Amino acid sequence: EGAFPDKHFENRRAQHIDGNNVLVEHTWVGTAQTDVPGFAQAGEVVRIDICTRYTVRDGLVVEYHDYG
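This one's a predicted model, so the numbers in the text were calculated from it and none came from an experiment.

Asker: I keep staring at the sheet that holds strand S1 (residues 8-18) and nothing clicks. Help me out?
Answerer: Strand pairing in a sheet relies on backbone hydrogen bonds. The paired strands run either parallel or antiparallel. The antiparallel open sheet is built from four strands, whose spatial order is S1-S2-S3-S4. Looking along the sheet, the strands with just one partner apiece sit at the ends: S1 and strand S4 (60-67). Each strand of the sheet is rotated relative to its neighbour by a mean of 25°, with strand direction disregarded. Across seven bridges, strand S3 (residues 45-57) lies against S4 in antiparallel orientation. The residue bridging Arg57 from the neighbouring strand is Leu60, located in S4.

Set out below in structure tokens:
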């Protein structure tokens, strides 16, 4: 569950594929379950624009990184 149990992605704006790498620009959204000092108060909805990079080999995701 963690501090943001309803976390999800929305607002997918772009998808780029280059060989084995897939880049997706989207927004990470979650509601703070409890206070997260310096970040969010309990009940606050947080939105962060990010880019996610996947590396795919033989149909499997072998690397995953978020930047934002």
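Asker: What is the right way to look at the environment of Val46 in this model?
Answerer: Mapped onto the elements, Val46 comes out in strand S3. Considering only alpha carbons, one finds Val46 and Gly68, 22 residues apart in sequence, at a separation of 13 Å. Among residues more than four places away in sequence, those in contact with Val46 are Phe4, Trp28, Val29, Gly30, Phe39 and Ala40.

Asker: What exactly am I supposed to notice about the packing of aromatic side chains here?
Answerer: By convention here, two paired aromatic rings are described through the distance between centres and the angle between planes. Applying the stated criterion to the full structure yields three aromatic pairs. Aromatic pair Phe4 and Phe39: ring centres 5.9 Å apart, planes at 80°, arrangement edge-to-face. Placement of Phe4 in the segment before S1 and of Phe39 in the loop between strand S2 (21-31) and S3 is noted, with a sequence separation of 35 residues between them. A relative accessible area of 42% means that Phe39 is categorised as partly exposed. Pairing Tyr54 with Tyr64 gives two aromatic rings, centres 5.2 Å apart and planes at 65°, and the pair type is edge-to-face.

Definitions and cut-offs
Residues numbered from 1 in each chain as written. Predicted model: local features only at pLDDT ≥ 70, side-chain atom pairs only at ≥ 80, totals over all residues. Heavy atoms only, no water. Pairing = 2+ DSSP bridges. Helix = DSSP H or I, 4+ residues; strand = E, 2+ residues; numbered from the N terminus. Axes fitted to C-alpha atoms, helices over the stretch in contact; angles between N-to-C directions. Contact = heavy atoms within 4.5 Å. Phe/Tyr/Trp six-rings, centres within 6.5 Å; stacked < 30°, edge-to-face > 60°. Buried < 20%, exposed > 50% of the residue type's maximum accessible area, 1.4 Å probe, protein only.

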